[in-house]
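Report on the structure
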Amino acid sequence: MYQFDVDTGGKAELYRDLAAAADALTAGEADAVANMANLSALLWQYLPDLNWAGFYRTVGDELVLGPFQGRAACIRIPWGRGVCGTAAASGETQVVADVHAFPGHIACDAASRSELVVPVIAGGRVVAVIDLDSPSPARFDAQDAAGVEALAALVAERVA
Ligand code: SME
């Protein structure tokens, strides 16, 4: 059993503790699927107001669904398509306040209103993206982006 002491009082504390928990969960484990599965569970448990949290992995020239929490989702996303494909192709975090205003947004769950997608970069290439969806508009801000980016950097080699 894993038990983590995560301070959910403020975003800075939340992401600091989440990173520590993610490090403890994945350190010394070489299996990428197991690590992505546990990281999805961690994000889902501690980040409030989400309806989807998980990974898409780079396979050839597309993203393929990885471990996640939430409703069943679209399996393959071409590089450059949707919020996830845009993050993967550009290598840049996408913070989308209103998914309906994002050209080419791919709706996997009709409840999603805002989205944060962070590329996971290992060995100089985008090996996956972390995708978080919320039913609330403008759920994610720069602090969320920075927090998930730090987490992605920490675990990149362990999910590649
Ligand atoms: N909305 C994403 C697709 C993945 S689901 O949100 C889980 C996108 O536009 O890439």
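Residues numbered from 1 in each chain as written. Predicted model: local features only at pLDDT ≥ 70, side-chain atom pairs only at ≥ 80, totals over all residues. Heavy atoms only, no water.

Counted according to the given criterion, the structure contains six salt bridges. Between Lys-11 and Asp-141 there is a salt bridge, and its shortest N-O distance comes to 3.0 Å. Here the residue Lys-11 occupies a position in helix 1 (residues 11–26), and Asp-141 occupies one in the loop between strand 6 (125–134) and helix 4 (142–159), the gap between them amounting to 130 residues. The class of Asp-141 is partly exposed, set by a relative accessible area of 32%. With a closest N to O distance of 2.8 Å, Arg-158 and Asp-23 form a salt bridge. Residue Arg-158 is located in helix 4, and its partner Asp-23 is located in helix 1; the two are separated by 135 residues in the primary sequence. (Salt bridge = Lys/Arg side-chain N within 4 Å of Asp/Glu carboxyl O. Helix = DSSP H or I, 4+ residues; strand = E, 2+ residues; numbered from the N terminus. Buried < 20%, exposed > 50% of the residue type's maximum accessible area, 1.4 Å probe, protein only.)

Quick look at the packing of aromatic side chains now. A full pass over the atoms with the stated rule returns three aromatic pairs. Summarising the aromatic geometry, the rings of Tyr-2 and Phe-4 are spaced 6.0 Å apart at their centres and angled 10° between planes, so their arrangement reads as stacked. Judged by centre distance (5.8 Å) and plane angle (20°), the ring pair of Trp-52 and Tyr-56 falls under stacked. Joined through ring pairs, the aromatic side chains of Trp-52, Tyr-56 and Phe-68 make up one cluster. (Phe/Tyr/Trp six-rings, centres within 6.5 Å; stacked < 30°, edge-to-face > 60°.)

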